[in-house]
Amino acid sequence: MMLSKISEQLDKLSSAERKVAECALAEPKWFVHAAVAEIAEKAHVSQPTVIRFCRSLDFKGLPEFKLALSASISQSGLPYVHEELNIDDGMGDVMEKVLGNTAAALLGARRTLNPSDLERAISMLAHARRIEFYGVGNSGIVAQDAQHKFFRFGISTVAYSDTHIQLMAAAVLSPQDVLVVISNSGSSIEILDAVSIAKENGAQVIVITRHDSPLAQLGDCVLTVAVQEDNSRYTPMVSRLLQLAVVDILAIGLALRLGETVSFQLEKGKRSINRHRVEEDE
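Throughout what follows, the structure given in this document is the object of discussion. (Residues numbered from 1 in each chain as written. Predicted model: local features only at pLDDT ≥ 70, side-chain atom pairs only at ≥ 80, totals over all residues. Heavy atoms only, no water.)

## Considering the packing of helix H4 (residues 36-43) against helix H5 (residues 47-56)
Helix-helix packing: each pair is described by the crossing angle between the helix axes and the interaxial distance.
For step 1, the next point in the chain: Across the interface, H4 lies against H5 with an axial gap of 8 Å and an inter-helix angle of 100 degrees. Taken together, the axes of H4 and H5 lie roughly perpendicular to each other. Only Gln-47, Val-50 and Ile-51 of H5 make contact with H4, whose side of the interface consists of Val-36, Ala-37, Ile-39 and Ala-40.
For step 2, the next point in the chain: Here the contact of H4 with H5 is built from residues that sort into 6 nonpolar, 1 polar and no charged. (Axes fitted to C-alpha atoms, helices over the stretch in contact; angles between N-to-C directions. Helix = DSSP H or I, 4+ residues; strand = E, 2+ residues; numbered from the N terminus. Parallel < 35°, antiparallel > 145°, perpendicular 65-115°, else oblique. Contact = heavy atoms within 4.5 Å. Nonpolar A, V, L, I, M, F, W, Y, C, P; charged D, E, K, R; others polar.)

If you want it as structure tokens, here you go:
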């Protein structure tokens, strides 16, 4: 959890404090046992900067930060360590970093996702008259994937990635409807406006986003997905995969909750496809 917390705060740190954070992420076990002078030297910053970094994360000083970091490493087994992609990386490096970052982030999601929140989300979905999925950019693709999974359960569903349509669609939602919003940053003004409109109309809102984002503050149920990515240089990769994994968890959870109803709908869909193929062959 500590390493995830550090990753989430990177953009809020000063450039010097970020160097200290990157040292902690890259070598957490070394960091726990290193002296303040060693950390400062490795990060190429002053010793007071190391202390300021700890205080920026709401710790009194380095000893308290180390205790929390040590506990996090021992509890998680595999710490979350993000390796940045560099322009001089060979394909072997790219493969190792992309797969390593993905695996570590997926395992890290076990610490950020709360089973009780997932249960609540599934209960909301199970009682919904209609489910709408909103997302923009890469998150919009995830919203489309979610709609593709959920409509097969016999539930009225739709996915919108256009912000103007989201605003209009949110205006006609009702208390019987559930809106699922997917956003990596959780700060898009258009998305926030659509969610506010949906809530004004009584719709329940499930959000898949960062726990400290403005979007998380609006959600009735928050499913935390946070990962460190260099979005300025590359298209978000790991965050999209985490979002897809959460959608899969919700889809499977809902299928188990609905039981035979879902089995009947899926079988009905398969029969329809098979009958259509037979008719085409004839």
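Still more ground to cover, so stick around.
## Thoughts on the environment of Ala-43
For step 1, the next point in the chain: Mapped onto the secondary structure, Ala-43 falls in helix H4.
For step 2, the next point in the chain: Judged by relative accessible area, which is 4%, Ala-43 ranks as buried.
For step 3, the next point in the chain: Measuring from C-alpha to C-alpha, the distance between Ala-43 and Ala-16 comes to 8.3 Å, with 27 residues separating the pair along the chain.
For step 4, the next point in the chain: Beyond its immediate sequence surroundings of up to four residues, Ala-43 is in contact with Lys-19, Val-20 and Cys-23. (Buried < 20%, exposed > 50% of the residue type's maximum accessible area, 1.4 Å probe, protein only.)

## Considerations on the sheet that holds strand E4 (residues 204-209)
For step 1, the next point in the chain: Ordered by their spatial adjacency, 5 strands build an open sheet running E2-E1-E3-E4-E5, and the pairing between neighbours is parallel. Of all strands in the sheet, those bounded by a partner on one side alone are strand E2 (156-160) and strand E5 (221-224). Taking the axes of each pair of neighbouring strands and ignoring which way they run, one obtains an average angle of 15 degrees across the sheet.
For step 2, the next point in the chain: Strand direction decides the pairing type here: strand E1 (residues 130-134) and strand E3 (residues 177-182), joined by 5 bridges, are parallel. Note that in E3 the partner of Phe-133 across the bridge is Val-180.
For step 3, the next point in the chain: Against the sheet, helix H10 (residues 163-170) engages E1 and E2, with an angle of about 155 degrees to E1.
For step 4, the next point in the chain: Against the sheet, helix H13 (residues 238-258) engages E3, E4 and E5, with an angle of about 140 degrees to E4. (Pairing = 2+ DSSP bridges.)

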